[in-house]
Amino acid sequence: MKVNIAVNLPIENHEVPDLREAVGWGRRDKDYPSLFERCNFWAGGRDELGKLVAFGYVCGMGLEHGYVEDIMVHPSKQKQGIGMELVTALIAEARQFGLGILTVSFDEHNANFYKTSGFTVSSGGVLYLD
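Calculation notes
- Residues numbered from 1 in each chain as written.
- Predicted model: local features only at pLDDT ≥ 70, side-chain atom pairs only at ≥ 80, totals over all residues.
- Heavy atoms only, no water.
- Helix = DSSP H or I, 4+ residues; strand = E, 2+ residues; numbered from the N terminus.
- Rg over C-alpha atoms; globule rule 2.2 N^0.38 Å.
- Contact = heavy atoms within 4.5 Å.
- Polar contact = N/O pair within 3.5 Å; in protein donor to acceptor, adjacent residues only side chain to side chain.
- Buried < 20%, exposed > 50% of the residue type's maximum accessible area, 1.4 Å probe, protein only.
- Pairing = 2+ DSSP bridges.
- Axes fitted to C-alpha atoms, helices over the stretch in contact; angles between N-to-C directions.

**Student:** In this structure, what is going on with the overall build of the protein chain? I would like to understand it.
**Tutor:** Scanning the protein chain from terminus to terminus reveals four helices and five strands. Its helices and strands in sequence order give the protein chain the pattern β-α-α-β-β-β-α-β-α, from N to C terminus. Here the C-alpha atoms of the protein chain give a radius of gyration of 14 Å, agreeing with the 14 Å that 2.2 N^0.38 yields for 130 residues. Principal-axis analysis of the C-alpha atoms places the extent of the protein chain at approximately 35 × 30 × 30 Å.

Listed below in structure tokens is the structure:
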């Protein structure tokens, strides 16, 4: 069944941590609900049972530049185009929001996904503080 991606869909505080855990990331329960209050907008999708299976968001100052963060799709739904739909929805919302630049950080093995999504792959750096 198709997963419909929606911008700013209602999400309960435990749902993103549950999805983060399913994809193998730390839950970061303390980030919710404050993430929804601080980011510019988010998008997600639910399966036929209403379970959150896709999520990502854009944060920043709300000026020209936004940062795409935490693009994730439940392992049972990966390789079905849902991630691409999610990123496409975030890009469309960024245009509506008035952003002129989007930046995303990713592991090297995800470079082709983001290039296919329209991003120019370039070098950068990440410093993990926790």
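**Student:** Help me understand the environment of tryptophan 42, please; the structure alone is not making it clear to me.
**Tutor:** Note on placement: tryptophan 42 falls in strand β2 (residues 41–46). Here the alpha-carbon distance between tryptophan 42 and isoleucine 11, two residues 31 residues apart in the chain, equals 10 Å. Excluding residues within four positions of it along the chain, tryptophan 42 makes contact with Ala6, Val7, Asn8, Leu9, Ile11, Phe36, Phe55, Gly56, Tyr57 and Leu90. A distance of 3.0 Å separates a polar side-chain atom of tryptophan 42 from the backbone oxygen of leucine 9.

**Student:** Before we go on, may I ask you to explain helix α1 (residues 15–22) in this structure?
**Tutor:** Think of an α-helix as turning once every 3.6 residues; residues three or four places apart then point the same way. Of the residues making up α1, those classed as buried are Glu15, Val16, Pro17, Leu19 and Arg20. Glycine 24 sits one or two residues past α1 and shows a positive phi near 95 degrees.

**Student:** What exactly am I supposed to notice about the environment of valine 68 here?
**Tutor:** Looking at where valine 68 falls in the secondary structure, it is placed in strand β4 (residues 65–73). In this structure valine 68 comes out as buried when scored by relative accessible area, which is 5%. If sequence neighbours within four positions are ignored, valine 68 has contacts with Tyr57, Val58, Leu90, Leu102, Thr103, Val104 and Phe119.

**Student:** So what exactly am I meant to see when it comes to the sheet that holds strand β5 (residues 101–104) here?
**Tutor:** Hydrogen bonding along the main chain pairs the strands of a sheet, whether they run parallel or antiparallel. Strand order in the open sheet formed by five strands is β1-β2-β3-β4-β5, and the pairing between neighbours is mixed. Each edge of the open sheet is held by one strand with a lone partner, namely β1 (4–7) and β5. Strand-to-strand, the axes of this sheet are offset by a mean angle of 25 degrees, without reference to chain direction. Note that strand β3 (residues 52–59) and β4 share five bridges and pair antiparallel. In the sheet register, valine 58 faces β4, and the bridge partner there is valine 68. In this fold α1 packs onto β2, β3 and β4, with an angle of close to 105 degrees to the strand it touches most, β3. Sheet strands in contact with helix α3 (residues 82–97) are β1, β2, β3, β4 and β5, and its direction is about 150 degrees off that of β2.

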